Amino acid sequence: MAKRRIPVVIVAGFLGSGKTTLLNHLLSNSRGVRIGVVVNDFGSVNVDALSVAGQVDSMLSLQNGCLCCAVDTAGLDAMLAKLAGADLDLVVIEASGLAEPRSLVRMVLASAEEGIEYGGLVELVDAAEFETTRARHPELDDHVRLADLVVLNKTDRVADADRLVAFVRELAGATPVLPTAHGRIDPELLFDRVRDPDPVVRQLSFDDLRDDCGDHDQHAHSAYDTLTVTAGALHPRRFAAFLEGRPGGLYRMKGTVYFGVPGHRQRFVLHTVGAYTRLERARWEAGQDRCTELVLIGAGIDPEGLRAELKACEEPEPDQVDEQSMLPVLRYLES
Ligand SMILES: Nc1nc2c(ncn2[C@@H]2O[C@H](COP(=O)(O)OP(=O)(O)OP(=O)(O)O)[C@@H](O)[C@H]2O)c(=O)[nH]1
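Bear in mind that the values here come from a model prediction, so they are computed numbers and not experimental data.

1. Some thoughts on the site of the ligand
Now for step 1: Lining the immediate environment of the ligand, one finds 22 residues, of which Lys19, Thr20, Thr21, His182 and Arg252 sit closest.
Now for step 2: Here Asp156 contributes a side-chain N or O atom positioned 2.8 Å from a nitrogen atom of the ligand.
Now for step 3: Contacts to the ligand include Tyr276, whose side-chain N or O atom sits 3.2 Å from a nitrogen atom.
Now for step 4: In the complex, 96% of the free accessible area of the ligand, which totals 660 Å², lies under the protein chains.
Now for step 5: For the shell around the ligand, the secondary structure elements donating two or more residues are α1 (19-28), β9 (250-257) and β11 (276-282).
Now for step 6: Tallied by class, residues from the shell around the ligand come to 3 nonpolar, 9 polar and 10 charged.

Structure, rendered in structure tokens:
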């Protein structure tokens, strides 16, 4: 009997659209389905990997590099071979928010690993940032048509979701569009959504792959600067002022913030997407340094200026900071 192949589903979507949130939802509602994940954080702080760890049957993390730009497919093949060897039912690749989905699909289709098969492309679209993302990345239209399933996420953040859903459905053509919030889709959808990939994507030659690699300049991430900042405790008021004054081009920030203020010594996970800011309290992982580690992604920003601004938020004596100073940042906590 032929060995069963493990489907590999790619979850793509522009920066901050909710890929990790969807992945976490799938992992916590897997109903016995054994899921392996490949996480592709863009930036050297492993934020996404940290947030799915502990829930997953098998995880491999590709840090500080974009999967779609891997010059050869050997790295991905080695990862897929490892996952195919584990006892799994499904592999999910969470692409970085800057990855080019077409290249990722091609890479999976080109994989020499016999234990896996291409399982489809899920494209996350941020309903709240839809207009901004589309203006910045006209290729969004192409991505939704290429996908096997479009998840129109963050519908809780838009006033007229029905109108937007209708618009995206028109744009997506044959691709089904599923409106949702917090990535809460039925996990079953990932198993049977696969349709035959676009012949243009399926037909592969070495030239195609080489051309893909030559296309780097057109990839979304070539238009962005990514910067990783490590700092000590931050003064909450100074950091709140930084958040309020951040430049419009600083499209995405994520990572850990440490305030160290009495009563607030937990880890704070920061996410900003466009003008949206969210902080969550979290536990420190065993052995994790009490420090701030952030990835900043933006276009037309001054990376070194931003680094200096964040460094200026550092507070050498957080024990002495009064609790009232936390108020400007606590308003970003989810109520
Ligand atoms: N209000 C609201 N917030 C959401 C929803 N989905 C995700 N978020 C928040 O949006 C932020 C970004 O979500 P992530 O899941 O990290 O997005 P991502 O696509 O993995 O981000 P990158 O990997 O950086 O591209 C987080 O603060 C999430 O809690 C949603 O449906 N509604």
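2. Focus on the UniProt feature "domain: CobW C-terminal" (unreviewed entry) in the chain
Now for step 1: Here the UniProt-annotated "domain: CobW C-terminal" (unreviewed entry) positions come out as residues 224-314.
Now for step 2: Annotation note: span residues 224-314, helix share 21%, strand share 40%, distance between end C-alpha atoms 26 Å.

3. Points about helix α3 (residues 74-85)
Now for step 1: In this model, α3 (12 residues) spans 16 Å end to end at C-alpha, consistent with the 16 Å of a helix rising 1.5 Å per residue.
Now for step 2: All buried positions along α3 are accounted for by Leu76, Asp77, Met79, Leu80, Leu83 and Ala84. Within α3, the buried residues cover an arc of 160 degrees as seen down the axis, which keeps them to one side. Opposite the packed face of α3, turned more than 90 degrees from it, sit the exposed residues Lys82 and Gly85.

4. Things to note about the nonpolar core
Now for step 1: Core analysis: the largest hydrophobic core is formed by 38 residues, its most contacted members being Ile10, Val108, Leu121 and Leu152.
Now for step 2: Those elements that provide at least two residues to this core are β1 (6-13), α3, β4 (90-94), α4 (101-109), β5 (116-126), α6 (140-146), β6 (149-153) and α7 (161-172).
Now for step 3: Excluding its chain neighbours within four sequence positions, the residues that come into contact with Val108 are Val8, Ile10, Leu76, Ile93, Ile116 and Tyr118.

5. Section: the pairing of β6
Now for step 1: Most of β6 is tucked away, with 5 of its 5 residues classed as buried.
Now for step 2: Sheet topology note: the β5/β6 ladder contains 5 bridges and is parallel. When the sheet's bridge partners are listed, Val122 is paired in β6 with Leu149.
Now for step 3: Summarising the sheet, β6 and strand β7 (residues 177-179) pair through 3 bridges and their orientation is parallel. Bridging from a neighbouring strand, Val151 pairs with Leu178 of β7.
Now for step 4: A crossover links β6 with its parallel partner β7, the connecting element being α7, and its sense is right-handed.

6. Looking at the sheet that holds strand β12 (residues 292-298)
Now for step 1: Taken in spatial order, the 5 strands make up an open sheet running β8-β12-β9-β10-β11, and their pairing is antiparallel. Edge positions in the sheet fall to β8 (225-231) and β11, since each of these pairs with one other strand and no more. The average undirected angle you get between the axes of adjacent strands in this sheet is 15 degrees.
Now for step 2: As paired strands, β9 and strand β10 (residues 267-273) are joined by 6 bridges and run antiparallel to one another. For Thr256, the partnering residue across the bridge sits in β10 and is Val269.
Now for step 3: The strands touched by helix α11 (residues 236-245) are β9, β10, β11 and β12; relative to β9, the strand with the most contacts, the crossing angle is about 160 degrees.
Now for step 4: The strands touched by helix α12 (residues 303-311) within the sheet are β8, β9 and β12, with β8 carrying the most contacts at an inclination of about 20 degrees.

7. A closer look at the packing of aromatic side chains
Describing an aromatic ring pair means giving the distance of the ring centres and the angle of the ring planes.
Now for step 1: Following the criterion strictly, the structure yields 5 aromatic pairs and no others.
Now for step 2: Taken together, a centroid distance of 6.1 Å and an interplanar angle of 15 degrees make the contact between Phe239 and Phe242 stacked. Residue Phe239 and its partner Phe242 are located together in helix α11, separated by 3 residues, close to a single helical turn.
Now for step 3: Between the aromatic rings of Phe259 and Phe268, the centroid separation amounts to 5.2 Å while the plane-to-plane angle is 70 degrees, which identifies the pairing as edge-to-face.
Now for step 4: For Phe268, a relative accessible area of 0% corresponds to the buried category.
Now for step 5: The rings of Phe239, Phe242, Phe259 and Phe268 are connected pair by pair, giving a single aromatic cluster.
Now for step 6: In this structure, Lys154 is placed above the aromatic ring of Tyr276, and the distance from its NZ or CZ to the ring centre is 5.2 Å.

Conventions used here
- Residues numbered from 1 in each chain as written.
- Predicted model: local features only at pLDDT ≥ 70, side-chain atom pairs only at ≥ 80, totals over all residues.
- Heavy atoms only, no water.
- Near = heavy atom within 4 Å.
- Polar contact = N/O pair within 3.5 Å; in protein donor to acceptor, adjacent residues only side chain to side chain.
- Areas by Shrake-Rupley, 256 points an atom, 1.4 Å probe, with all protein chains shown as cover.
- Helix = DSSP H or I, 4+ residues; strand = E, 2+ residues; numbered from the N terminus.
- Nonpolar A, V, L, I, M, F, W, Y, C, P; charged D, E, K, R; others polar.
- UniProt positions renumbered as here; feature names shortened; annotations may be inferred.
- Expected span 1.5 Å × (residues − 1).
- Buried < 20%, exposed > 50% of the residue type's maximum accessible area, 1.4 Å probe, protein only.
- Arc of directions from axis to C-beta.
- Core = buried A, V, L, I, M, F, W, Y, C linked by side-chain atoms within 4.5 Å.
- Contact = heavy atoms within 4.5 Å.
- Pairing = 2+ DSSP bridges.
- Right-handed = clockwise from strand over helix to strand, strands pointing away.
- Axes fitted to C-alpha atoms, helices over the stretch in contact; angles between N-to-C directions.
- Phe/Tyr/Trp six-rings, centres within 6.5 Å; stacked < 30°, edge-to-face > 60°.
- Lys NZ or Arg CZ within 6 Å of the ring centre and 35° of its normal.

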